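Understanding the architecture of this molecule
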Amino acid sequence: MRPALLPYALISALALCAPAVLASAAAAPGPASASAPEPAPLPQLVRKVDIPYQSFTLDNGLRVVVHEDRKTPVVAVSVWYGVGSSDEPRGKTGFAHLFEHLMFNGSGNYDGEFFEPLEDVGATNSNGTTNVDRTNYFENVPTPALDMALFLEADRMGNLLPAVTQLKLDNQRGVVQNEKRQGDNQPYGLVRYGIFEGLFPEGHPYRHSTIGSMADLDAAAMADVQQWFRTHYGPNNSVLVLAGDINAAEARPLVEKYFGAIPRGPATPEPAGGVPDRSATTRQTINDRVANPRLYFLWAVPGQIQAASAHVDIATSILAGGQSSRLYNALVREEQLATAVGGGINPLQLASIPIITVDVKPGVDPARVEARAAEIIAKFVAEGPTPDEVQRIATRYVSGTIRGLEQIGGFGGKAVALAQGTLYANDPAFYRKRLGFYANATPAAVKAAAQRWLNDGDHRLWVVPGERGAAELALAGQASPRPAPPPVAASEPDRSKLPRVGPSPDIDFPTVEHATLSNGIKVTFARRAAVPVVDIMASFDAGNAADPRDKLGAQFLTFDLLDEGTARRTGPQIIEEIERLGAFIGSSGGMDSTRVQLSALTPNLAPSLDLFADVLRNPAFAPDQVERVRAIQLSRIAQEESSPGGLAQRRLSPLLYGDSHPYAVPVSGLGNADTVRSLTREDLVAFHRTWLRPDNMRLFVVGDTNLAQLMPQLERAFGDWRPLAGVPKGVKAFTAAAPKGGPRIILIDRPNSPQSFIAAGMPLDVRGTDDKLDLSMANDVLGGSFTSRLNMDLREAKGWSYGVGSQLRLVREQMPFVLTAPVQADRTGDSIAALRDDIKAYLGDKPITQAELARMTNGNVLSLPGEFETGSSVLAALERSYLMGRPDDYYERLPARYRALDTAGVHRAVAAALDPARLVWVVVGDAKVVQPQLTQLGLPVEVVPAAR
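Computed from a prediction, not measured in an experiment: that's the story for all the values here. (Residues numbered from 1 in each chain as written. Predicted model: local features only at pLDDT ≥ 70, side-chain atom pairs only at ≥ 80, totals over all residues. Heavy atoms only, no water.)

1. Re the overall build of the protein
Secondary structure summary: the protein contains 34 helices and 24 strands in total. Taken over the C-alpha trace, the protein has a radius of gyration of 27 Å; the compact-globule value for 948 residues is 30 Å, and the two agree within 12%. Summarising its shape, the C-alpha atoms of the protein cover approximately 75 × 65 × 60 Å along the three principal directions. By residue count, 63% of the 948 residues in the protein fall in the buried class. (Helix = DSSP H or I, 4+ residues; strand = E, 2+ residues; numbered from the N terminus. Rg over C-alpha atoms; globule rule 2.2 N^0.38 Å. Buried < 20%, exposed > 50% of the residue type's maximum accessible area, 1.4 Å probe, protein only.)

2. So, the nonpolar core
Phe509, Phe817 and Trp921 are the most contacted members of the largest nonpolar core, which has 85 residues in total. Per element, the largest residue contribution to this core is seven residues, and it comes from strand E20 (residues 755-767). The residues contacting Phe509, other than those within four sequence positions of it, are Phe868, Val874, Ala877, Leu878, Asp888, Tyr891 and Glu892. Formed by 83 residues, the second largest nonpolar core is a distinct cluster that contains Phe114, Val141, Val164 and Val290. (Core = buried A, V, L, I, M, F, W, Y, C linked by side-chain atoms within 4.5 Å. Contact = heavy atoms within 4.5 Å.)

3. Concerning the confidence of the model for the protein
This prediction gives the protein a mean pLDDT of 91; 94% of its residues lie at or above 70. Note on residues 2-35: pLDDT is under 50 here. Beyond four places in sequence and across chains, it has 101 contacts. With pLDDT under 50 throughout, residues 479-495 is counted as low confidence; its partners more than four residues away or in other chains account for 34 contacts. (pLDDT = per-residue confidence, 0-100.)

4. Observations regarding the packing of aromatic side chains
Enumeration according to the criterion identifies 27 aromatic pairs in this entry. Taking 6.2 Å as the distance between ring centres and 75° as the angle between the ring planes, the aromatic pair formed by Phe430 and Phe437 counts as edge-to-face. Judged by relative accessible area, which is 14%, Phe437 ranks as buried. One aromatic cluster is present, formed by Tyr81, Phe99, Phe104, Phe115, Tyr137, Phe229, Tyr233 and Phe786 through successive ring pairs. When the ring centre of Trp453 is taken as origin, the NZ or CZ atom of Arg452, which lies over that ring, is 3.8 Å away. The positively charged end of Lys798 is found above the aromatic ring belonging to Trp800, 5.6 Å away from the centroid. (Phe/Tyr/Trp six-rings, centres within 6.5 Å; stacked < 30°, edge-to-face > 60°. Lys NZ or Arg CZ within 6 Å of the ring centre and 35° of its normal.)

5. Side note on helix H25 (residues 681-691)
Every buried residue of H25 is accounted for by Arg681, Asp683, Leu684, Val685, Phe687, His688 and Trp691. Contacts from the buried residues of H25 go to strand E15 (533-540), helix H19 (554-560), helix H21 (605-617), helix H22 (623-642) and helix H24 (673-678).

6. With respect to the packing of helix H13 (residues 366-383) against helix H17 (residues 443-453)
One can describe the packing of H13 onto H17 by two numbers: an axis separation of 7 Å at closest approach and a directional angle of 125°. Relative to H17, H13 is oriented oblique. Taken as a pair, H13 and H17 cross one another with a handedness that is left-handed. In contact with Phe380, Val381, Ala382 and Glu383 of H13, H17 contributes Val446, Lys447, Ala450 and Gln451. A class-by-class count of the residues in the contact of H13 with H17 yields five nonpolar, one polar and two charged. (Axes fitted to C-alpha atoms, helices over the stretch in contact; angles between N-to-C directions. Parallel < 35°, antiparallel > 145°, perpendicular 65-115°, else oblique. Left-handed = near helix turned anticlockwise from the far one by under 90°. Nonpolar A, V, L, I, M, F, W, Y, C, P; charged D, E, K, R; others polar.)

7. Looking at the sheet that holds strand E22 (residues 814-824)
The mixed open sheet is built from six strands, whose spatial order is E21-E22-E20-E23-E19-E24. On the outer flanks of this sheet lie strand E21 (805-808) and strand E24 (941-945), each paired with one strand and no other. Each neighbouring strand pair of the sheet contributes to a mean axis angle of 20°, computed without reference to strand direction. Two strands pair when backbone bridges link them, and E20 and E22 are joined in this way by 10 bridges, in the antiparallel orientation. Bridging across to E22, Arg767 finds its partner in Gln814. (Pairing = 2+ DSSP bridges.)

8. Topic: the sheet that holds strand E2 (residues 63-68)
Hydrogen bonds between backbone atoms are what pair the strands of a sheet, whose relative direction is either parallel or antiparallel. Here six strands make up an open sheet; going across it, the order is E1-E2-E6-E3-E5-E4 and the pairing mixed. With one partner strand each, in any of the chains shown, strand E1 (54-57) and strand E4 (124-130) form the two edges of the open sheet. On average, adjacent strands in this sheet sit at an angle of 10° to one another, irrespective of strand direction. Strands E4 and strand E5 (135-142) of the sheet are contacted by helix H3 (residues 95-102), whose axis makes an angle of about 150° with E4. Docked against the sheet, helix H5 (residues 146-158) engages strand E3 (74-81), E5 and strand E6 (238-244), running at close to 10° with respect to E3.

9. Some thoughts on the environment of Pro505
Take Pro505: it is sitting in the loop between helix H18 (470-476) and strand E13 (512-516). What makes Pro505 partly exposed here is its relative accessible area of 47%. For the pair Pro505 and Gln625, spaced 120 residues apart in sequence, the C-alpha separation works out to 53 Å. Excluding its chain neighbours within four sequence positions, the residues that come into contact with Pro505 are Pro73 and Pro865.

10. Notes on the pattern of salt bridges
Evaluated as defined, the whole model comprises 60 salt bridges. Arg617 is the salt-bridge partner of Asp720, the closest N and O atoms lying 2.9 Å from each other. Placement of the pair is Asp720 in the loop between helix H26 (707-718) and strand E19 (744-749) and Arg617 in helix H21, with a sequence separation of 103 residues. Asp720 sits in the partly exposed class, given a relative accessible area of 43%. Since its relative accessible area comes to 0%, Arg617 is described here as buried. (Salt bridge = Lys/Arg side-chain N within 4 Å of Asp/Glu carboxyl O.)

11. Looking at the pairing of E1
Bridge count for E1 against E2 is four bridges, and the pairing is antiparallel. Across the sheet, Thr57 pairs through a bridge with Arg63, a residue of E2.

12. Re the environment of Ala606
With respect to the element layout, Ala606 can be found in helix H21. The exposure class of Ala606 is partly exposed, given its relative accessible area of 24%. As a C-alpha pair, Ala606 and Leu710 span 104 residues in sequence and 9.5 Å in three-dimensional space.

13. Digging into the side chain of Asp359
Looking at where Asp359 falls in the secondary structure, it is placed in strand E11 (residues 351-360). Owing to a relative accessible area of 4%, Asp359 belongs among the buried residues under this scheme. Separated by 2.6 Å, the side chains of Asp359 and Arg294 make a polar contact. Apart from the residues within four sequence positions on either side, Asp359 is in contact with Asn292, Pro293, Arg294, Ala338, Thr339, Ala340 and Gln639. (Polar contact = N/O pair within 3.5 Å; in protein donor to acceptor, adjacent residues only side chain to side chain.)

14. So, the side chain of Glu879
Summarising the element assignment, Glu879 is placed in helix H31 (residues 871-883). Look at Glu879 and you get buried, because its relative accessible area is 3%. In this structure, Glu879 is in contact with Met537, Ser539, Ser593, Arg595 and Phe700, ignoring residues within four places of it in sequence.

15. Notes on the environment of Phe437
Mapped onto the elements of the fold, Phe437 is located in helix H16 (residues 430-439). The spacing of Phe437 and Ile305 is 132 residues in sequence and 9.8 Å in space, taken between C-alpha atoms. Leaving out residues up to four positions away in the same chain, Phe437 has contacts with Ile305, Gln306, Ala307, Ala310, His311 and Phe430.

16. Considerations on unusual backbone geometry
With a phi close to 50°, Gln336 is a non-glycine residue in the positive phi region. Mapped onto the fold, Gln336 is located in the loop between helix H12 (326-334) and strand E10 (338-346). Phi is positive for Asp771, which is not a glycine, with a value near 55°. One can find Asp771 in the loop between E20 and helix H27 (773-782).

17. Thoughts on H17
Buried residues of H17: Val446, Ala449, Ala450 and Trp453, and no others. Axial view of H17: buried residues confined to an arc of 100°, hence all on one face. The exposed residues of H17 that point more than 90 degrees off its buried face are Ala444 and Arg452. (Arc of directions from axis to C-beta.)

18. Examining the packing of H5 against helix H10 (residues 248-259)
Packing of H5 against H10 leaves a shortest axis separation of 9 Å and a crossing angle of 35°. Between H5 and H10 lies a crossing whose hand is right-handed. Across the interface between the two elements, Leu146, Asp147, Leu150, Phe151, Glu153, Ala154 and Met157 of H5 pack against Leu254, Lys257, Tyr258 and Phe259 of H10. Its residues assigned to classes, the contact of H5 with H10 shows eight nonpolar, no polar and three charged.

The structure is reproduced here in structure tokens:
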């Protein structure tokens, strides 16, 4: 089961017939689908989408939108500025994004890191983003902390410049440049530059990428920064949305208090530009360290407030937006010329960008793939879609919107929908109009949009395996690293002017109920009725640790084939039925469990469950599908090995655990290329019979139903499922602890990398079921949060990295401590030395302070209600509690347990568990640049090639 939509990484970069005889012998016939009710009609689903709001405008021009949602005591605060990279003149590319960073570093009345007070009050989904059209800042805060959040947002809007110093500018310039290096260092990382330069002519506001060029970032002077702020960040160029535990009557005096006195800024003209006039196909080739060639078909079409944008999105989705798409069926399923296809649209203000991607199968001529893909696109443009295709894509869009609106804020949710409409269309309810573009689309309208916009004038961009040359470096706008600013000692900011935050109610986790099906399958249920959705997880006691050592990747290949055909349905029939139902079926493997999940609209639960049960119980494992999906998995392994982070993570686990431990496997679960090539259909059938079976499964359910309604439906779907007689249930052998090795550095040579990816870790003498809250708290302070010591040192003080973090990887048996740090290449050795020093100091003479403990305790306690806003997050928590042996009221007990921690106990816990002398380091970088730095650290260094 693979998502076949356009990869999120690309979108964010643009923003910043199986015969029955082949069925597994473990399968039971299952329920008859003929008796299942028909899916709910689309108009009925559309009526479910509503965000009631009230709005007002302050005298200074600030537009304010308020939505009341009392399901949790949390308010989403979202501030959107009408400034993005399209507003940047020549020579100042990257300014909007640089400013996004600067606006987190303090303001006139709070000259400190904004994340610190927000973490202190338990803010969740706290961040900021920049794209070509806008910059936004957002955080979900407990209701008593709303005053403080508004104070901070207002102070950076109206009083930022007194806190912007040359030191801060230099530091954040370095952070942004490391963010750029981090993106550029990824496979296909230069595509973001090629898209904009390939589609938009000189002088167009979208001509350059949001991240900007190194030279322009280097040239940013204090006077430029000050003028940029005065021009673009006034209240009259801004939108404030408050969504959650508040109404307009409560909001208005607070907004007036904090924002009312901010003076208007200058009027900001709209960027001059629109859809470029393109009539001919243009081409571009980028050489990159990629596993296989990828082709991008790109167009420029009308902006997101026009119906044509939605109709083109439907067209590209029909062509390439999923496993039911035309290009996927032709190129991946039938002709097997490609291993992946993706498609969708990046809806922007001046012009939207439809994108179709095709990953060429190894050994296939790329020119043949391009010609065949272009032929399929041209045929669709000439003939148009079928009514069923349009209906399925529209249903998918509507159901996805319904799921997204369960959240009040963050990167999506109701606050985002209201803010987008207000900023781009001057209409908070524009989301309904755009929803109507999809729900009311006809085949004729989609055909007309395709013929108008997907006909001539495309840009075809190839990324092919090869070393980046001068053209690629010029495309990325690379430059020599700037000298890092001198380190600054951490100082405690003056908090005296921040509004006081009152007490917040503790979490009220949903009531958990338990039941058992007639065949013994345990059911855990929690009711959440915010949206008409039911989420179901079938959790099997398997996971990556169940993969046979000589058949690594068997688990992944098994669950990836579940939706590729059953005894009753072909793969295309399964995917099309999922789309008609507005459902989602997906699978994943953690270290300890294999999960198959269903997300169903409540009106369509019965037919969705029928399909879900068939997929779980009756996979066909047809030989032709096994070979096709095997090729896809091999391609994913190759892609993982071409990524710096993927390379590091694949090598780290075996180094930590030794060869025989069940956890000594790649955490992705993909396995190794050699073992995946050797897998047979019989191996997959055996894995399914041994591990994915009713006596090894629990069902977790969260959603808009109740146990009395749910149990008969689950009984019908699963109650008669029995394991195959004579096949024993699988057993995982955790017979020995991981070996205690000495410190060393494995340097994976990846020539010409602009960054080094550092990963380090050690196995702990702690099990996940031990529930060491004191150790978890210690990690929060060390590397588990934005304001952690490791991140604040390497990112905020030194400017060598875009972000550093550490984690105690939560597994049921022996847990590992793992840290990761992508750093600029010329500071690799210095970064490892700094990380080692920080850890030693933390374990030694600079242990956790009372202030750090208080901040993290407050943050962890106050963030709990916001962490379980969605049904899917509750679902994950239910399974996590089961795996770790936790009681049903675990999360309601957490606040008292956090408050009982003290600094001495936390220090003892981490000092006993973590030994920096046992850390194993993996570095992925350019050996000729990095190795001389590493030899100065006093650790043995082993250099290995990236490709094995």
